[in-house]
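Each chain is listed here by its residues.
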Amino acid sequence: GRYPQFTSAKLFTRSHGLNSRTGVRCCGMVRIVFFLAIGSYRQFFGRYLSCSVEGGMNVQRGEGYDRDLTLARAAVDFFMGKLTLQLGYQFTDETFLGDMREKQFFYFRGKRTF
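The rules we used
Residues numbered from 1 in each chain as written. Predicted model: local features only at pLDDT ≥ 70, side-chain atom pairs only at ≥ 80, totals over all residues. Heavy atoms only, no water. Helix = DSSP H or I, 4+ residues; strand = E, 2+ residues; numbered from the N terminus. Buried < 20%, exposed > 50% of the residue type's maximum accessible area, 1.4 Å probe, protein only. Contact = heavy atoms within 4.5 Å. Areas by Shrake-Rupley, 256 points an atom, 1.4 Å probe, with all protein chains shown as cover. Phe/Tyr/Trp six-rings, centres within 6.5 Å; stacked < 30°, edge-to-face > 60°. Patch = residues over 30% accessible without salt bridge, like charges linked within 9 Å, V, L, I, M, F, W, Y side chains within 5 Å. Salt bridge = Lys/Arg side-chain N within 4 Å of Asp/Glu carboxyl O. Pairing = 2+ DSSP bridges. pLDDT = per-residue confidence, 0-100.

Caption draft 1: Highlighting the overall build of the chain. Scanning the chain from N- to C-terminus turns up 0 helices and 7 strands. The helix and strand sequence of the chain, counted from the amino end, reads β-β-β-β-β-β-β. Out of the 114 residues in the chain, the part that is buried amounts to 14%. When contacts within the chain are restricted to residue pairs at least 6 apart in sequence, those whose partners lie at least 24 apart make up 29%. When the accessible surface of the chain is split by element, carbon and sulfur atoms take 60% of a total near 8800 Å².

As structure tokens, then:
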């Protein structure tokens, strides 16, 4: 028979800041099975300050295709009026077809809405 150009079957659940997806994707003759999970938590300290922690992983498997991605992020947010400042740290670990890449960095974001 013929393979569909693109089909996707997904299961999606969400509860208390946790998201996860599983499914199968077909593109031509390549079949990729994937799993995605993301979790997050935020705690507010008074009116102007909050801390957040996020983490996730994405696993994809197929014939001749293997990819793993792991991410962790922590941040402190400061809010005052229309100004938002964020100081954070992010760690990313990616493995694609045996090639491993690791990234770690601190970041600072500032946002002012008008």
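Caption draft 2: Just the packing of aromatic side chains, in detail. Applying the stated criterion to the full structure yields 4 aromatic pairs. Both rings, one in Y89 and one in F106, keep their centres 5.1 Å apart while their planes meet at 50°; by these two values the pair is tilted. On the criterion of sequence distance, the pair formed by Y89 in strand β6 (residues 83–96) and F106 in strand β7 (residues 99–112) is long-range, its members being 17 residues apart. Looking at Y89, the relative accessible area reads 27%, which means it is partly exposed.

Caption draft 3: Just a nonpolar patch on the surface, in detail. A contiguous nonpolar patch, built from F45, Y48, L49, V76 and M80 and spanning about 450 Å² of accessible area, is present on the exposed surface. By the secondary structure assignment, M80 is in strand β5 (residues 65–80).

Caption draft 4: How the structure looks around the side chain of S50. As for its position among the elements, S50 is in strand β4 (residues 49–62). For S50, a relative accessible area of 0% puts it in the buried group. The contact partners of S50, leaving out residues within four places of it in the chain, are R42, Q43, F44, F45, A75, V76, D77 and F79.

Caption draft 5: Local environment of the pairing of β4. As paired elements, β4 and β5 share 14 bridges and run antiparallel to each other. Residue pairing in the sheet places G55 in a bridge with A72 of β5. Hairpin connection from β4 to β5: 2 residues lie between these consecutive antiparallel strands, with G64 at a positive phi of about 75°.

Caption draft 6: How the structure looks around the confidence of the model for the chain. For the chain, per-residue confidence averages 78 on the pLDDT scale, and residues scoring 70 or more make up 74% of the total. Low pLDDT (under 50) marks residues 1–17, which in the prediction has 36 contacts with non-local residues, meaning those over four places away or in another chain.

Caption draft 7: Geometry of the pattern of salt bridges. For the structure shown, the criterion picks out 6 salt bridges. Notably, a salt bridge pairs R61 with D68, separated by 2.9 Å at the nearest N-O pair. Relative accessible area serves as the criterion here: at 25%, D68 is assigned to the partly exposed category. Several salt bridges share partner residues, and in doing so they unite R61, D66 and D68 into one network.

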